[in-house]
Amino acid sequence: MSPEAASGDLGQAHVFLTGGTGFVGQAILERLLSSHPGTTISLLVRVKGSTTGQDRLRNLLRKPVFAQWRERVGDEEVERSVRERLRVIEGSLSNFPALPGDLDVVIHSASTVSFDPPIDQAFDTNVGGALGLYGALAASGSDPHVVHVSTAYVGGIRKGIVPEARLVHDVDWRAEYEAAKGARDRVQMNSRQPEVLRGFINDARAVHGKEGPQAVAKAAEAARVEWVQARLVDYGRTRAESLGWTDVYTLTKAFAERVAEELWDGTGHRLSVVRPAIIESALTHPFPGWIDGFKVADPLILAYGRGILPEFPGLPDSVLDVIPVDFVVNAILAVAANPPVDAPPQYFHISSGASNPLPIHRMLQNMNEFFTANPMPHESEGHIRVPTWKFPGGLKVERALRTQEKANRLHEKVLGSLPSTERTRTRMAKLHRRRGDLESLRNFSELYRAYVQTEIIFDDRNTKALHHALPADVQADRGFDVSAINWEDYLGRVHFPAITTLTRAFAVRKPATERKARALPESSDILAVFDLEGTVVDSNIVEQYLWVRSAGLRKAAWPGEVASLLASLPGYLSAEQRDRGEFIRVFLRRYSGMRVARLESVVAGGYHETLLKHTMPEAIKRIQEHRDAGHRTVLVTGSIGALVEPLAELFDEVIAGSMHERDGVLTGFLAQPPLVDEARAAWLLRYAETHSLDLSKSYGYGDSHADLVWLELLGHPTAVNPDTKLSREAQRRRWSIHNWKRGPHGIRRR
Ligand SMILES: NC(=O)c1ccc[n+]([C@@H]2O[C@H](COP(=O)([O-])OP(=O)(O)OC[C@H]3O[C@@H](n4cnc5c(N)ncnc54)[C@H](OP(=O)(O)O)[C@@H]3O)[C@@H](O)[C@H]2O)c1
């Protein structure tokens, strides 16, 4: 269409808006409220948890997008508008509610905008949602002009100019919709096949075996659920690709256009389809830089600023089709005010590539200048220096990425097999960070493939014609002439500052090891649980056994005992790898035949001094801090109580095992199963209940992966000198990590 004079006014229209809580929808709602005062607006809002649609609207109106309008008209006018102009219709796209019979305009903006959702979710929201909307409109008796918000990338990867017209394809969208709806049941069924489940169990046992059987079952089930999700994502991605689309998002948006054409235009109603490109922060309205979270191009910009994108897989001259959100909103509302007259649907590309292209190399130049002048802070080296891209081509970038991923994996494997020390942990943390960066790189390559490796240009003649047909005052206030955008000004002054302001606050987050411990809160319902070996003392049950034995043996017999221990060591080590309880059980059999009185006298003698020497001063300090704050301090060990007797006075209570004895002689059998991994977690829950302690306020200190299951029950878990697996989990969960060392003399007998 090429109107000669268009209206910029929606007058007294009753507008129904879907997606009003989203990025674009909020900005549409703000413009309707602030610049179209005669309109009444009905909003589709879904209930979230216990928050009703009306409550969500109240929360929405407090967001920054409405701040200027609120300030200009005052709270009273806002209240009046809410009362008289705004109506909430609770419901969702999957369960469309009945609609009023007096609608003049519908703006359908709600959608799932993620590129890679599971196939059934993408179809349910985007195709099922359109079916629900047009079904409800037909049932309502309303005859509104519908502005159907789609995306410029709806036609998939192409080269050259894409017209503002109906998409050319003959895919049977109904058959695809039916197939997608059944996908979850099929995948769920496959995930429960014994051979598939066996794989999950084996993998889970390899990683979580040490935590206990419930942890293995939990991890196996989590892996199954994750597998189902990943399969459904793959179903979507592959089906889209096999039909010629980039991803399931653009595929379902294309089908949604068909639904609108068939069910609305096809039944004699007025329809306009608007297709925005990549929407970013506002150029001027409601204020320069307004944005609601990070959008499509922002992860790329920020990753560049953080220095983690050494190269880029795209073509330097491909166009990054960015459009400020206020241009999109202005165009949508102008389209809404100018329905097609006795004509087929009208289509509009809201994009910049045809009239004012921003090639990637120009975007890079802007990013480079901005981050050179305003570098992001670096954890240890002051500031981050940004790279210079040479654009070697997608294949070379992919090959380099694969090599780096492989090297990193290998490095992690080697490091993981070494004993856990402060040095290996620091190096491992670096490798994890590197892995995260490489994963981001891979995601970026895939995410932006559709945007930056193509030579696609969206024709925007309809949109331009509409802008020029608007009255001059509307053009000035609510226009969308993209050729007027100065990219250097928009990016450098408006957009980059808007998105980096948010990030800078998080950029220099200190590693968990360096964060300062806060003072402990004083309370008597708080528990502080300490594991023994590797946490409070830097010894283990093998060493303790040797201390006991060395005190009990004649010198001549001593080498034989060591030799026998060394011979059994491989067996012990593999038992320890599999299951800590099994190791303790097997190892403590070595005490079989020892007289109880003998053990007691050894422990009271030299053993006592030796154990105290191996106690870590930072552990003692921490225990004392907990006691000073009125917390209940408990030492828990899978070993036997007799061996930890020297430490008893440091704690309010020691929970340890005991060994069965007959006629004053140890049999080598434990009197009860060792209190480790899940057994310790079960004990902890019971202990807290019996002593009325609040676990969410409580503290725990452990060093081994086997401690994970009980540490995670506590509000304040701390990994002390963690082994590789616990260290990885603690970093992932942002737990405190401490490296406690033995002092030069340990502590002395009091
Ligand atoms: N952002 C872009 O760069 C871009 C580019 C081109 C086209 N578009 C199109 O522009 C439109 C708006 O995108 P956006 O960026 O504003 O997305 P957004 O911020 O993710 O907002 C999505 C909106 O849809 C609603 N929604 C999602 N699923 C729903 C369901 N099942 N039932 C009811 N409401 C549901 C959300 O409601 P809740 O708050 O309840 O979740 C939210 O209001 C979409 O049609 C999108 O395809 C966006």
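This text goes with the structure placed above it.
Residues numbered from 1 in each chain as written. Predicted model: local features only at pLDDT ≥ 70, side-chain atom pairs only at ≥ 80, totals over all residues. Heavy atoms only, no water.

## Observations regarding the pattern of salt bridges
Logical step 1: Tallied over the entire structure, the rule returns 34 salt bridges.
Logical step 2: Two residues, Lys63 and Asp292, come together in a salt bridge whose shortest N-O distance is 3.1 Å. Remark: Asp292 occurs in the loop between β8 (278-280) and α10 (298-305) and Lys63 occurs in the loop between α2 (53-60) and α3 (67-73); sequence separation between them is 229 residues.
Logical step 3: The salt bridge involving Arg80 is made with Glu77; its shortest N-O contact spans 2.9 Å. (Salt bridge = Lys/Arg side-chain N within 4 Å of Asp/Glu carboxyl O. Helix = DSSP H or I, 4+ residues; strand = E, 2+ residues; numbered from the N terminus.)

## Considering the packing of helix α5 (residues 119-140) against helix α8 (residues 213-243)
Logical step 1: For the pair α5 and α8, the least separation of the axes is 7 Å and the interaxial angle reads 65°. Where α5 approaches α8, its residues Ile119, Asp120 and Gln121 are matched on the opposing element by Gln229, Leu232, Tyr235, Gly236 and Arg239.
Logical step 2: Looking at the contact of α5 with α8 residue by residue, the class counts come to three nonpolar, three polar and two charged. (Axes fitted to C-alpha atoms, helices over the stretch in contact; angles between N-to-C directions. Contact = heavy atoms within 4.5 Å. Nonpolar A, V, L, I, M, F, W, Y, C, P; charged D, E, K, R; others polar.)

## Concerning unusual backbone geometry
Logical step 1: Along the chain, His285 connects to Pro286 via a cis peptide bond; the corresponding omega equals 0°.
Logical step 2: Along the chain, the position of Pro286 falls in the loop between β8 and α10.
Logical step 3: Even without being a glycine, Asp342 presents a positive backbone phi close to 45°.
Logical step 4: Within the fold, Asp342 resides in the loop between α11 (325-336) and β10 (346-350).
Logical step 5: A residue is classified by how much of its surface remains accessible, and Asp342, at 81% relative accessible area, is exposed.
Logical step 6: Unlike most non-glycine residues, Asp663 shows phi in positive territory, near 55°.
Logical step 7: Mapping Asp663 onto the fold places it in the loop between β17 (659-662) and β18 (665-670).
Logical step 8: The exposure class assigned to Asp663 is exposed, which follows from its relative accessible area of 71%. (Buried < 20%, exposed > 50% of the residue type's maximum accessible area, 1.4 Å probe, protein only.)

## Let's talk about the nonpolar core
Logical step 1: One finds Ile28, Leu29, Leu86, Ile107, Ile332, Met367 and Trp389 to be the most contacted residues of the largest nonpolar core, which totals 96 residues.
Logical step 2: No other element matches α11, which puts ten residues into this core.
Logical step 3: What Ile107 contacts, discounting residues up to four positions off in sequence, is Val15, Phe16, Leu17, Thr18, Ile28, Val147, Val149, Ile332 and Leu333.
Logical step 4: Core analysis: the next-biggest nonpolar cluster, separate from the first, contains 48 residues, Ala528, Leu588, Leu612 and Ile640 among them. (Core = buried A, V, L, I, M, F, W, Y, C linked by side-chain atoms within 4.5 Å.)

## Regarding the sheet that holds strand β20 (residues 716-720)
Logical step 1: Pairing within the open sheet is parallel, and its six strands lie in the order β16-β15-β14-β19-β20-β21. Looking at which strands have only one partner, the edges of the open sheet turn out to be β16 (653-657) and β21 (736-738). The sheet shows a mean angle of 20° between the axes of neighbouring strands, taken without regard to direction.
Logical step 2: Bridge count for strand β15 (residues 632-640) against β16 is four bridges, and the pairing is parallel. Of the residues in β16, the one forming a bridge with Val636 is Ile655.
Logical step 3: On top of the sheet, helix α26 (residues 724-732) reaches β19 (699-702), β20 and β21; it is set at about 140° to β21, its chief contact. (Pairing = 2+ DSSP bridges.)

## Brief notes about a nonpolar patch on the surface
Logical step 1: Taken together, Leu410, Val414 and Leu418 make up a surface patch of nonpolar side chains, about 280 Å² in accessible area.
Logical step 2: In this structure, Val414 sits in helix α13 (residues 394-416). (Patch = residues over 30% accessible without salt bridge, like charges linked within 9 Å, V, L, I, M, F, W, Y side chains within 5 Å. Areas by Shrake-Rupley, 256 points an atom, 1.4 Å probe, with all protein chains shown as cover.)

## A short note on empty space enclosed by the protein
Logical step 1: Taken as a whole, this structure holds seven cavities of 30 Å³ or more when the rule is applied.
Logical step 2: The computed volume of the largest cavity comes to approximately 60 Å³.
Logical step 3: Taken together, Gly8, His36, Asn330, Leu333, Ala334, Ala337, Leu470, Val474 and Arg478 form the lining of the largest cavity.
Logical step 4: When contributions to the lining of the largest cavity are tallied by element, the ones reaching two or more residues are α11 and α16 (472-478). (1 Å grid on protein atoms, 1.4 Å probe; cavity = no way out; pocket = protein on both sides within 12 Å on 5 of 7 lines; lining within 4 Å. Points joined across faces, edges and corners; volume = space filled by probe spheres on them.)

Honestly, it's all geometry; don't read function into it.
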